[in-house]
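Results of the structural survey
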Amino acid sequence: MNRYEEDLSVTQLLAPRLAYFAAVARHEHVTRAAHELGVPQSTLSRAMVRLEQDLGVTLFARKGRTVALTTAGRTFLASAEQALDGIARAAESVQQDADPTYGKVAFGFLHTLGSETVPGLIRAFRADHPRIRFSLVQNYGEAMLEKLRSGELDLCLTSPVPEAPDLVGRRLDEQRLRLVVPDDHRLAGRKRIRLAEAAEETFVTLEPGYGLRRITDDLCAEAGFAPRVAFEGEEAETLRGLVAAGLGVALLPPPAVARPGVVELTVTAPRAVREIGVAWLDGHPDTPPVAEFKRFLLSRRGRLIPELEPPAQASSPSRAGRTAAAEASPAGV
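Residues numbered from 1 in each chain as written. Predicted model: local features only at pLDDT ≥ 70, side-chain atom pairs only at ≥ 80, totals over all residues. Heavy atoms only, no water.

The subject of this paragraph is the environment of Leu172. Within the element layout of this structure, Leu172 appears in strand 6 (residues 167–176). On a C-alpha basis, the gap between Leu172 and Glu275 in space is 7.6 Å, while along the polypeptide they are 103 residues apart. When sequence neighbours within four positions are dropped, the list of residues in contact with Leu172 reads Leu157, Ile276, Gly277, Val278, Leu297, Leu298, Arg300, Arg301, Gly302 and Leu304. (Helix = DSSP H or I, 4+ residues; strand = E, 2+ residues; numbered from the N terminus. Contact = heavy atoms within 4.5 Å.)

Here the focus is unusual backbone geometry. In the segment running from Ser159 into Pro160, the intervening peptide bond is cis, with an omega of -10 degrees. With respect to the helices and strands, the residue Pro160 is situated in the loop between strand 5 (155–158) and strand 6. For the peptide bond that leads from Ala269 to Pro270, omega is -10 degrees, which places it in the cis range. Secondary-structure assignment places Pro270 in the loop between strand 12 (262–269) and strand 13 (273–281).

This paragraph deals with the sheet that holds strand 8 (residues 192–194). Spatially, 8-12-7-11 is the arrangement adopted by the four strands of the open sheet, whose pairing is mixed. Strands at the two margins of the open sheet, each flanked by one partner only, are strand 8 and strand 11 (250–252). Direction aside, neighbouring strands of the sheet carry axes that sit 45 degrees apart on average. In this structure, strand 7 (residues 178–182) lies alongside strand 12, joined through five bridges in antiparallel fashion. Following the sheet pairing, Val180 is matched in strand 12 by Glu264. (Pairing = 2+ DSSP bridges. Axes fitted to C-alpha atoms, helices over the stretch in contact; angles between N-to-C directions.)

What follows is about the environment of Ala244. As for its placement among the helices and strands, Ala244 is situated in helix 9 (residues 236–244). Ala244 sits 60 residues away from Asp184 along the chain, and the two C-alpha atoms are 9.2 Å apart.

The terminal C-alpha atoms of helix 4 (residues 41–55) lie 21 Å apart, and with 15 residues this matches the ideal 21 Å at 1.5 Å per residue to within 8%. Among all positions of helix 4, only Leu44, Ala47, Met48, Leu51 and Glu52 are buried. What you see down the axis of helix 4 is that its buried residues fit within an arc of 130 degrees, all on one side. Along helix 4, exposed side chains directed more than 90 degrees from the buried face belong to Arg46 and Gln53. Backbone geometry just downstream of helix 4 places Gly56 in the positive-phi region, at approximately 70 degrees. (Expected span 1.5 Å × (residues − 1). Buried < 20%, exposed > 50% of the residue type's maximum accessible area, 1.4 Å probe, protein only. Arc of directions from axis to C-beta.)

Once that is clear, we can look at the pattern of salt bridges. A side chain of one charge can pair with a side chain of the opposite charge if their charged atoms are brought near each other. Inspection of every chain in the model, using the stated rule, returns 23 salt bridges. The partner of Asp97 in a salt bridge is Lys104, and the shortest N-O contact between them spans 3.9 Å. According to the relative accessible area criterion, Lys104 is partly exposed, its value standing at 30%. The partner of Arg149 in a salt bridge is Glu146, and the shortest N-O contact between them spans 2.8 Å. Of the two residues, Arg149 and Glu146 both sit in helix 7 (residues 141–150), three residues apart, roughly one turn of that helix. Using a relative accessible area of 32% as the deciding quantity, one classes Arg149 as partly exposed. For Glu146, a relative accessible area of 44% translates into the label partly exposed. Among the ionic contacts, a cluster of salt bridges with common partners joins Arg171, Glu174, Arg271 and Glu275. (Salt bridge = Lys/Arg side-chain N within 4 Å of Asp/Glu carboxyl O.)

This next bit is on the sheet that holds strand 6. Consider a sheet: its strands pair through backbone hydrogen bonds, and that pairing is either parallel or antiparallel. Read from one edge to the other, the open sheet built from five strands follows the order 4-3-5-13-6, with strand pairing classed as mixed. The strands lining the two open edges of the sheet, one partner per strand, are strand 4 (133–138) and strand 6. Shown here is a sheet whose adjacent strand axes are inclined to one another by a mean of 20 degrees, direction ignored. In the sheet, strand 3 (residues 104–109) pairs with strand 5 via three bridges, with the strands oriented parallel. Bridged to Phe109 within strand 5 is Leu157. Across the sheet, helix 6 (residues 117–126) lies against strand 3, strand 4 and strand 5, angled at about 170 degrees from strand 4, the strand it touches most.

Below, the structure written as structure tokens:
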């Protein structure tokens, strides 16, 4: 038997008796302790004898029904009380998390939904449930699905909607993707584009494993080409910065605020959208606050993501325009 198995065996022996032992030690009287615990005195006496036998240590000095802790008993009591206090605090914590009014929801979501969508959802939900608490996790899709499986998350908003036998996914909405190009790009004067027209462009994308990367690859394949990827990142706004620096083009969801240095083009073909859905672990029982928030999310089907018009190009002039203006200016001005 290894050390872990030995520790587990001792724990299994001791755990049910700790509360009995602590009550007897507190009262220094078996009858009074049995009355507090609501068990027969004979049951409690036998439990204490068995505990000493299993430990191989005398915990009590006995005189009739009155008992006094030995030195070993006092040492054991200090640790037993810490263990019982930890159990009580753990029970209180999970009960609070499951409370319909004060409970907690562990909620995951994509980085691209963090600036506007998720804050708006939580604000709307808490209008009717002001005391429910949230533990929020931003991550990419596959990582959140693993956190669902491990029990770290109750629900997550992700894309694409997962299709796995151990998960439940429900489509809530879709979000249009745009081709983002530098503001001095040959396509920057356009409003709409077929994705096939970007076949010769260099792309900046999210890393493999991100849902948006898979969607980008699939859309480009549908348009008849494989994207030439120059840079890979972990966050959509970082990709916008790379596009603004002239390092490539990207398929991205719309930003909350227009970014200088880029132009966002509507893709007319193929249909460039990503589905946004909510996922949870199949067969996993919901606490009341999780069930309430799940109902709320499902009620937002079709209106989770507001459809935005492509943002107007930032008022700062393009690099080409700035260069031309500089060349036309008198020297030294």
